[in-house]
Amino acid sequence: MFNPFNMTKDMKGMEKMVKPALEKFMKESGFVKKEELDRAVERIDALENKIAELERR
């Protein structure tokens, strides 16, 4: 028998099971957060600038 009051509890349980698998899939499939990508691009730019300075010497 369907009990609407248990539905929220069931959904939270499903979320606990699915969330780690979804996060793992997102990491392994190449999806990244925009903030992480921006930080990586900034770091790459900084390293390229350091290399360029060293080559000028």
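Residues numbered from 1 in each chain as written. Predicted model: local features only at pLDDT ≥ 70, side-chain atom pairs only at ≥ 80, totals over all residues. Heavy atoms only, no water.

A. Broad picture of the overall build of the protein. For the protein, the count of helices and strands is two helices and zero strands. For 57 residues, the compact-globule estimate of 2.2 N^0.38 gives 10 Å, and the protein exceeds it by more than 25% at 22 Å. Principal axes of the C-alpha set define a box for the protein whose edges measure 80 × 15 × 10 Å. Residues counted as buried form 0% of the 57 residues belonging to the protein. Put simply, the protein shows about 6000 Å² of open surface, and 61% of that area lies on carbon and sulfur atoms. (Helix = DSSP H or I, 4+ residues; strand = E, 2+ residues; numbered from the N terminus. Rg over C-alpha atoms; globule rule 2.2 N^0.38 Å. Buried < 20%, exposed > 50% of the residue type's maximum accessible area, 1.4 Å probe, protein only. Areas by Shrake-Rupley, 256 points an atom, 1.4 Å probe, with all protein chains shown as cover.)

B. Local environment of the layout of surface pockets. Reported here for the largest pocket is a volume of approximately 190 Å³. E23, M26, K27, F31, V32, K33 and E36 together form the lining of the largest pocket. Sort the elements by how many residues they give to the lining of the largest pocket and helix α1 (residues 4-28) lands first, with three residues. Considering only residue class, the lining of the largest pocket consists of three nonpolar, no polar and four charged. (1 Å grid on protein atoms, 1.4 Å probe; cavity = no way out; pocket = protein on both sides within 12 Å on 5 of 7 lines; lining within 4 Å. Points joined across faces, edges and corners; volume = space filled by probe spheres on them. Nonpolar A, V, L, I, M, F, W, Y, C, P; charged D, E, K, R; others polar.)

C. Seen up close, the environment of L37. Note that L37 resides in helix α2 (residues 34-56). Its relative accessible area of 46% is what places L37 among the partly exposed residues. C-alpha of L37 to C-alpha of M17: the two residues are 20 residues apart in sequence and 28 Å apart in space.

D. Representation of the environment of E36. Here E36 shows up in helix α2. Expressed as a C-alpha distance, the spacing of E36 and A46, which sit ten residues apart in the sequence, is 15 Å.

E. Geometry of a nonpolar patch on the surface. On the surface, M7, M11, M14, M17, V18, L22, F25, M26 and F31 cluster together into a nonpolar patch covering about 940 Å² of accessible area. By the secondary structure assignment, M14 is in helix α1. (Patch = residues over 30% accessible without salt bridge, like charges linked within 9 Å, V, L, I, M, F, W, Y side chains within 5 Å. Salt bridge = Lys/Arg side-chain N within 4 Å of Asp/Glu carboxyl O.)

F. Representation of α1 in the model. Compared with the 36 Å implied by 1.5 Å per residue over 25 residues, the 36 Å span of α1 between its first and last C-alpha is a close match. Along its length, α1 shows its largest kink, about 30 degrees, at V18, and proline P20 lies within four residues downstream of that point. Positive backbone phi, at 100 degrees, marks G30, one or two positions downstream of α1. (Expected span 1.5 Å × (residues − 1). Bend = angle between axes of the 7 residues up to and from the residue.)

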